[in-house]
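# Close look at the chain arrangement
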Number of protein chains: 2
Amino acid sequence: MTIKDIAKACGVGVSTVSRVLNNKPDVSEAVRIKVLDFVEKSGYIPNNSARDLVKRSSDSIGVIVRGMGNLFFSSILKTISTEIDKNGYTMVVHFIDSGEDEVKAGAVLEREKKLRGLIFLGGRYDYSPEEVALIGVPYVCCSYSNSFGTVKEENYSSVSVDDYQTAYKAVKYLIDSGHRRIAALVPACCDRSVSQLRFNGYKAALKDSGINFDEALVMETGGHYGLNEAYEGTMALAERGAEFTALFTVSDSTAIAAMKALEERGIRVPEDCSVIAIDGLNVSQYVSPTLTTMVQPADEMGRECVRILADILEGRGKNRHVRVETALRDGASVKSI
Amino acid sequence: MTIKDIAKACGVGVSTVSRVLNNKPDVSEAVRIKVLDFVEKSGYIPNNSARDLVKRSSDSIGVIVRGMGNLFFSSILKTISTEIDKNGYTMVVHFIDSGEDEVKAGAVLEREKKLRGLIFLGGRYDYSPEEVALIGVPYVCCSYSNSFGTVKEENYSSVSVDDYQTAYKAVKYLIDSGHRRIAALVPACCDRSVSQLRFNGYKAALKDSGINFDEALVMETGGHYGLNEAYEGTMALAERGAEFTALFTVSDSTAIAAMKALEERGIRVPEDCSVIAIDGLNVSQYVSPTLTTMVQPADEMGRECVRILADILEGRGKNRHVRVETALRDGASVKSI
């Protein structure tokens, strides 16, 4: 059945049917009801609005934001929202703390809101097939992939940077600038997640340059990405007494808090200690000193996530995994020695 | 009619009706259709899910975020989201640039998503009744009120700080610290919006302390709250040559960019120039120097907005206007002279 058949059966014009199905004004209520009733009975699925009525489902894509303290996520969320709009879906956002379980939150949201798909903005890297069986719709992992997990590649999608390589490049940049005593501020070394991958990249860069790994230079801040944890962690690192001339951090916001702590300990950045991060927030260009950081392409990542999901929902594509590139944005927080 | 009546009429158990109405699995499609058809015909409104079906409307509350560059909004958005969840509604977010028209965007979203209510996170202060007639659902202005407009108080709701008084207090704090040459960095002096109110508070504080207003100390950055505009504006202010010992800014993020510009011009904060702002972002505690700022209670504001809207939607209340208090958070960016 086509839109023409509906128009004929209801005794109205094609444009009127289109207006009704797209929920546009300037259609009498009587005609609107007539068309919708016919569509509902006929099972015709022309687009989202009608599909909602017929299937009694929705046109909603859920976005689970894990840890809004992470300023990188708020920049990417706007792009995801705009792209979901453009593709004719409705975005339903749900914020959870970085300690909460995004898979469960997604599964609950899926049932409550009758979602068509899910985007996880931040999450763990170690999903099992049993765990993700809770999720009954296509989903995209945004800013991470399932590196430590056992879910088959064809059963989920992801858009991410290469965390290991990005960290490797950041630390290599410090080494190329003459640093050999390089500390690392990480949420957790073995979280089977972003933090572990970036920590591994740090260690590999040291090793490839013949620098011995020194545990005394590693500070774990406790799993989250809070500014306060990063500040306290850097304070503790400085108090420990092990000397370092550079600090690698896993995110811009933790780097900002770390620079604050260093300053308060009388350690000048970059004169006494260089600092490098990963993210590329806008605000990092305005802190003092300007943060040197590996920029993740937030806009591109947001666009790709929605494109993948729309392709799957509209039968144009299957699950896929997109790796995006990071690029160094030079600031004033790294000094050659 | 109760859920028992529905069960009886459909010849099924109460728990089955409940499962259908809450969109739970384990109900045959035949029974599901039977129950839903009966509910639809009977006009029974047991909860959100069924209400959606019966009214062909939704349980959605739209949130129009105007200018995501404003980091204050991203902190408030999480609270709004959590509160909307708690109250059993669905949040639909739409981001617009700070130059766009939030009323039109809200009206479009209302039609497209069949909203029950709207929260405007940021907006103009000069709505006319004709303009807001586009909006057919209750709405709350979050972080602003209609000070320059002609909409009657009983026809809309708002949760806001007293912009004029907050700016007055901030500037008075600078004056009490010995400053008399106080510059102002504002998006626009006469935007009939937040910027104008805060600028008026600045002027009033000067006047009440017998300090002549000097146009040469005012820099308009062009209507938006972008970091780059604030940076460029401060650069231009410094280049203008008029001397000042303190700078009043209307937001934390513009203050951060302003401090960067001052630093690059060789003007030390606070030794050569004190800086004060309004917002109270978390990150402002970690920039260097720590920003002295008037804290807006973001969590309280988000909670109040949703409470007002839920009260109206559920017949417990009418439109109302909530004024929340700001409090000075002392940093290191203001020096007594």
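Read on for a plain summary of the structure. (Residues numbered from 1 in each chain as written. Chains lettered and ligands numbered in written order. Predicted model: local features only at pLDDT ≥ 70, side-chain atom pairs only at ≥ 80, totals over all residues. Heavy atoms only, no water.)

The next thing to look at is the interface of chain A and chain B. Contacts between the two partners involve 40 residues from chain A, matched on the other side by 41 residues from chain B. A combined buried area of about 3600 Å² lies between chain A and chain B, and 54% of that area is made up of carbon and sulfur atoms. Summed over the shared surface of chain A and chain B, the result is two salt bridges. Across the pair D97 of chain A and K78 of chain B runs a salt bridge, and its minimum N-O distance is 2.6 Å. Viewed at the interface, chain B and chain A are joined by 16 residue pairs in polar contact (both at pLDDT 80 or more). For the side of chain A that touches chain B, the elements supplying multiple residues, two or more each, are helix 3 (29-42), helix 5 (71-86), strand 2 (90-96), helix 6 (102-113), helix 10 (227-240) and helix 11 (252-264) of chain A. No other element matches the seven residues that strand 2 of chain A contributes to the side of chain A that touches chain B. Split by residue class, the side of chain A that touches chain B holds 18 nonpolar, 10 polar and 12 charged. (Contact = heavy atoms within 4.5 Å. Buried area = accessible area lost by both parts, 1.4 Å probe. Salt bridge = Lys/Arg side-chain N within 4 Å of Asp/Glu carboxyl O. Polar contact = N/O pair within 3.5 Å; in protein donor to acceptor, adjacent residues only side chain to side chain. Helix = DSSP H or I, 4+ residues; strand = E, 2+ residues; numbered from the N terminus. Nonpolar A, V, L, I, M, F, W, Y, C, P; charged D, E, K, R; others polar.)

Before going further, it helps to examine the relation of the copies chain A and chain B. Of the transformation superimposing chain A on chain B, the axial component is 0.2 Å and the angular component is 178°, with the fit at an RMSD of 0.8 Å. The two molecules are tied by a two-fold rotation axis, judged by turn and shift. Residue by residue, 100% of the interface of chain A is reproduced at the interface of chain B, so both copies engage with the same surface. (Least-squares fit on C-alpha atoms with pLDDT ≥ 70 in both.)

Close approach of charged atoms allows side chains with opposite charge to pair. Within the structure shown, the criterion is met by 34 salt bridges over all chains. Its salt-bridge partner being R316 of chain B, residue D311 of chain B comes within 3.0 Å of it at the nearest N-O pair. By relative accessible area, R316 of chain B is classed as exposed at 51%. R320 of chain B is paired through a salt bridge with D311 of chain B; the nearest N and O atoms lie 3.3 Å apart. Assessed through its relative accessible area of 27%, R320 of chain B is described here as partly exposed. The structure contains a network of salt bridges with shared partners spanning R124, D126, E131 and R192 of chain A. (Buried < 20%, exposed > 50% of the residue type's maximum accessible area, 1.4 Å probe, protein only.)

Purely geometric numbers; function is a separate question.
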